[in-house]
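Observations on chain architecture
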Amino acid sequence: MEQHKLRELEAMCIQEAPPACTAACPLHVDVRGMILELRRGDLDAALRVVRKALPFPGIIGRTCAAPCTSACRRNEAGEALAIRALERACADLGTHSPPALLPSRGQRVAVVGGGPAGLVAAYDLRRKGYTVVLLEAEAPLGGRWRDLPERELPRSVLEGELSELEVLGVEVRLRSAVAGGGLDELRAEYDAVILATGAWSNETFGLERTPDGRIRVDPVTCATSREGVFAAGSLVLGQGEGSAIQSMCDGRRAATTVDRFLQGASLTASRQGEGPYPSQLYVRTEGFAPLPVVAAADAQAGYTAEEARREAERCFPCACLECVKVCEYLAQYKSYPRKYVREIYNNLSIVAGTRHSNQFINSCSLCGLCGEVCPNHLDMATVCREARETMVAQGRMPPSAHDFALRDMAWSNSSQFSLARHAPGTTSSEYVFFPGCQLCGSAPEQVRQMYGHLRERLGKVGLMLGCCGAPAEWAGRQDLLAEQLARLSAGHQSLGQPEVILACSTCYRLFKNHLPEARLRSLWEVLDEAGLPAGARAPQDKVALHDPCTTRQEPQMHQHVRHILQQLGCRVEELPLSREKTECCSFGGQMWLANRDLARAVVQRRIAASDTDYITYCAVCRDFFAAQGKPTLHLLDLLYGKDIAERAHRPAPGWSDRHENRVRLKRAVLKELWGEEMPDQPSYESIRLLISPEVRQRMEERLILVEDVQQVIEHAERSGARFQNRQSGHYLAGHKPAAVTYWVEYSPLPASGQGQELQFVVHNAYSHRMTVESSQPG
Amino acid sequence: MSENQKATATPEWVCVRCGVPLEPGKVNVGYLDSAFPVDLPRCPRCGQVLIAEELALGKMADVEKQLEDK
C-alpha cells in the first residue's frame, strides 16, 4: 500500500472528525472530552479539557451565544445538550491552576483593546512565551462583557477570570488609548501589534480600508495593509456583527498569525480548521430515545455536580461507527477502519520483525457490508484482500493461513471431482450447469436431481464440476486464481461457451468479475423462469430468509429467490439485515479458518437475528448455521426434500464428508448418465477405516481428513515405519504427504472371515507443520 | 525448545521395524527459516523420531505460530 493510498483511505473514515458541537464552536471546545470527564464526576479534569480551548470558561459558560447548542444532534432526540451550562459548571465547581507558559521568546507584542478579541490574543501569545502588553483605552478590562447585568455575569466572575492575565505576566495598561500616529510608536517599540479596539472605535490607524470604512484585513490571517500589524474582533467584524465567542475566535486567529509571523513561518498554510465549520461526522440518531434537558434546581446557581453528571449522561456521544455496528469482526478488534487501515499499512511495511496484524488481515470475511453501510463507502474487504495479495507477494503470508482451503480447492479440481461434459447423448451445450464445490459437498443428491430437471426443461445442458477458485482469491493467491480461471475458461470453451447456470453466489460473483466473456445466470433465475420441479412445496412454518453475502450486489437474485418462495406459498420473514445489507456466515474470506472464535461469534450473531428457522440459498451458510444449532433450510430442500422439517435439522457434513459427497456425485453421474466408471482413484482410497464419532469430531476440529489418515496408514503399512505401544498394542505412524505431517494412532481389525477386507480402527490423529530431521544414531 | 518430558513418557513405544524401545536423542526440528536441536524420543537403531500429541499440539504449534507471525 502506497502512503498516498493510506491517506486516501484514512480520509474516507470520518469517525475521528469532530462532532457537530465542537465543529460549530468557534474555539472548538472538546465537548465530548468534557462530557466524558463529567460523567466520571471529575470536574477538575472536565475543566482542564474546557480550558484547553477556552481561556475564560466562567464568563463564556454564562454569556456565550452557544452555536454548539443549535448544532447538537441531541436536538433530533429530545433537546440539545446544555453545553454552555456544563461549561459553567466546570468553571464554577472545578479547581483550576494557571497554565504553564512556554519558555520566553524575547519578542514583544502589543495588543490594543481589552475586549474578548484582545483578551484572548493576549492570553494565547503570553502562553506561547511572548512578552505581551495589553493596552486598554478605558478601565477596567472586559469590553462588551462589562455591559451585561450582574445577574447574568457577576463582576466577581468577570474580574476573577480576567485577573489571570496578570497572573500569567501580561502587562495590562489601563486608560492607554492608542490613536492615529500612536500605531507608529507601537510598531517601533514592539515586534508585532494586534488591534482589537472594538466596534465602537472609528479609528483606522491610517491603514487601508474597506468601502464601508472598516480596516481591511485578510480573513484568514487578520493581516492589515501594514506589515506586523493585525486587526481582529468587532473592530473588523463591525457593530453587532459577531458574538463575543466569534470575536474571541478572531483574536485567536490574530494571535496564531503573530506567532507564525514572529517565527518566520507561513501565515497561510494549513489554517482551514480554524473557526466554525460543518461537521463531517456521520451520526444516525434515530435509535436514541428522546430525553429532555436536565433542569438545574436553582437556575441562578447553575448545575450542581450531580446535575451536570446527569445532563452529561444525555450525550450519545456522537459517533459514526456504522460499519462497526454491523460487523462482529470490526467490533471485536475494538477500533474502526481509520485505525485499521493504518495498522494494515504498518504491518505491510515491516521489513524485519514481527507482523502483528496478519491474523487481523486474514480474519475479514471480505463480505463488503462495511463498504455498503459506510457514508463514504470505505470497503475493508478490498483493503484486506489487497493486503493479502501484498503479503503473498512479499513472501510474508503465514504458510498455514489458507493452506487447508487451497488444498481443498486443488482436490476439487483433481480427477476425483472435476468434470466438464455435454449432456449425455449430445455433442453440444446451450447451457452448462455449474453447481459449485460446496453444494456438491453438502447435497450431492439434490445436485443430481437438479441437473436432471434442468435437462428436462432446457434440453442441452452440460455439466461442469469443480471449484470456482474463490479460495485462491481469498488467500491473495493471484497465481492460483489465474491458473484456476484458465482451467474454467478452457472447460467452458470445450463445451462451446454455453450460458453458465450457477447455483452458488460465490461462484457467480467470481465468474462475473473474472470471466466477463461468459454469459451467466443464477440457478434461481432459471428456476423462476423455467419452472420448479413437480414436487416442490413450502415448509409448514414461516421461515426467515438469509441472503448469502456474495449476493450483495445482485438484487435480481434476491428478487428471483423471493419470487420462488412466493410461488411456493412460503411465509417469509425478512431479517433486519438482508439483501444488500446481508451478513456473512463466516466462510467468506476464510474467516472460519483464520479466526475460529470470531467465526463462531459471527454465526451466533447472525442466527440470533430471528427466532424463526432460516432458509437460504448457499450450502455453506446453511451448514454453518446448522452446525451451531440453527434449523436452516437450503432452497433446494423445498424442491427435493422428502421431509422438509427434518432437512432443516440435518447436521452439517464434515470436511471429509464433503469430499466423499463430491466423489460420490461424480461417480453417480458418470455411471448413470454416461455409463462410465470413475477414473482410477489413489490407492489409499481403498483403505477402510473405523472411526468413532469422538475421533471424527476431533479430526474435524483439527482439519484432518479421512484421506490424510488413509495416506498415513498406507505409508506405515507399506514401509513398516511405525511404532507400537507395548501396553495397548496400538500403532503410531507419521507421514508428511505435503506441508503437514500427520500422525495416526491405529490398530488393524483382523478380518472376521474369508474374503473380508482388512480394516483399521483409528484411535487418534494429530498434525504439525514443523519438520523433524534425525541423523542415523551411532 | 526442550522436550525432555516427552522422552520419559515413551519407553512404552517400540520401533516396529527394529524391535527396540525408543530413547531420547538429539534431532533437528525446523520451520520456515529456523531450526532448533532438541531431545526427542527416537529409535536408537534406525533414527525414526516419534512426535507425541502433546508436543505437536503444544510447543510445536506455539513455535509454528510465532515463526509465521500468525
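The structure reproduced in this document is the subject of the present report. Predicted model, so just to flag it, every value in this text is computed and none were measured.

Definitions and cut-offs
- Per chain, residues are indexed from 1 in the order of the written sequence.
- Both sets of labels track the order of writing: A upward for chains, 1 upward for ligands.
- Confidence filtering applies because this is a predicted model: local features only for residues at pLDDT of at least 70, side-chain atom pairs given and counted only at 80 or more, and all residues used for totals across whole chains, interfaces and linings.
- Where helices and strands are cited, they refer to DSSP runs of H or I of at least four residues and of E of at least two residues respectively, numbered from the N terminus.
- The quantity called the radius of gyration is restricted to C-alpha atoms. Its globule counterpart is 2.2 Å times the number of residues to the power 0.38.
- We call a residue exposed when 12 or fewer other C-beta atoms sit within 10 Å of its C-beta, buried when the count reaches 20 or more, and partly exposed for counts in between; the C-beta positions come from the backbone.
- Throughout, a pair of residues is in contact if the C-beta atoms placed from their backbones lie within 7 Å.
- Comment: axis = line fitted to C-alpha atoms, over the contacting stretch for helices; angle = value between 0 and 180 degrees taken between N-to-C directions.
- Roughly parallel covers angles under 35 degrees, roughly antiparallel covers those over 145, roughly perpendicular covers 65 to 115, and oblique covers all other angles.
- As a working rule, the residues Ala, Val, Leu, Ile, Met, Phe, Trp, Tyr, Cys and Pro are called nonpolar, Asp, Glu, Lys and Arg charged, and the rest polar, with Gly in that last group.
- For a helix, the expected span equals 1.5 Å multiplied by the number of residues minus one.

So, the overall build of chain A
Looking only at helices and strands, chain A features 35 helices and 20 strands. For a compact globule of 778 residues, the expected C-alpha radius of gyration is about 28 Å, and chain A comes in at 37 Å, more than 25% above that figure. Judged by the C-alpha coordinates and their principal axes, chain A covers about 120 × 75 × 50 Å. Counting the 778 residues in chain A, one finds 48% classified as buried. Long-range contacts, defined here as pairs at least 24 residues apart, represent 71% of the contacts in chain A between residues at least 6 apart.

As for the overall build of chain B
What chain B contains, in helices and strands, is 2 helices and 4 strands. Mapped in sequence order, the helices and strands of chain B form the string α-β-β-β-β-α. Per-residue burial over chain B gives 29% buried out of 70 residues. Long-range contacts, defined as pairs at least 24 residues apart, comprise 53% of the intrachain contacts of chain B with a sequence gap of at least 6.

Topic: the packing of helix α3 (residues 31–40) of chain A against helix α4 (residues 43–53) of chain A
Residues and elements named next belong to chain A. Direction vectors running N to C along α3 and α4 enclose 170 degrees, while the axes themselves pass 8 Å from each other. Taken together, the axes of α3 and α4 are roughly antiparallel relative to one another. Together, G33, M34, E37 and L38 of α3 and A45, A46, V49 and V50 of α4 make up the contact between the two elements. Residues belonging to the contact of α3 with α4 are distributed by class as follows: 6 nonpolar, 1 polar and 1 charged.

Structural notes on helix α8 (residues 116–127) of chain A
All names here are of chain A. The terminal C-alpha atoms of α8 lie 17 Å apart, and with 12 residues this matches the ideal 16 Å at 1.5 Å per residue to within 8%. Taking burial as the measure, the 12 residues of α8 include 11 buried ones, the bulk of the element. Taken together, the buried positions of α8 are P116, A117, G118, L119, V120, A121, A122, Y123, D124, L125 and R126. Among the structural elements, β1 (108–112), β2 (131–135), α9 (155–168), β4 (192–195) and α12 (244–263) are those in contact with the buried residues of α8. G129 lies just past α8 and shows a positive phi near 100 degrees.

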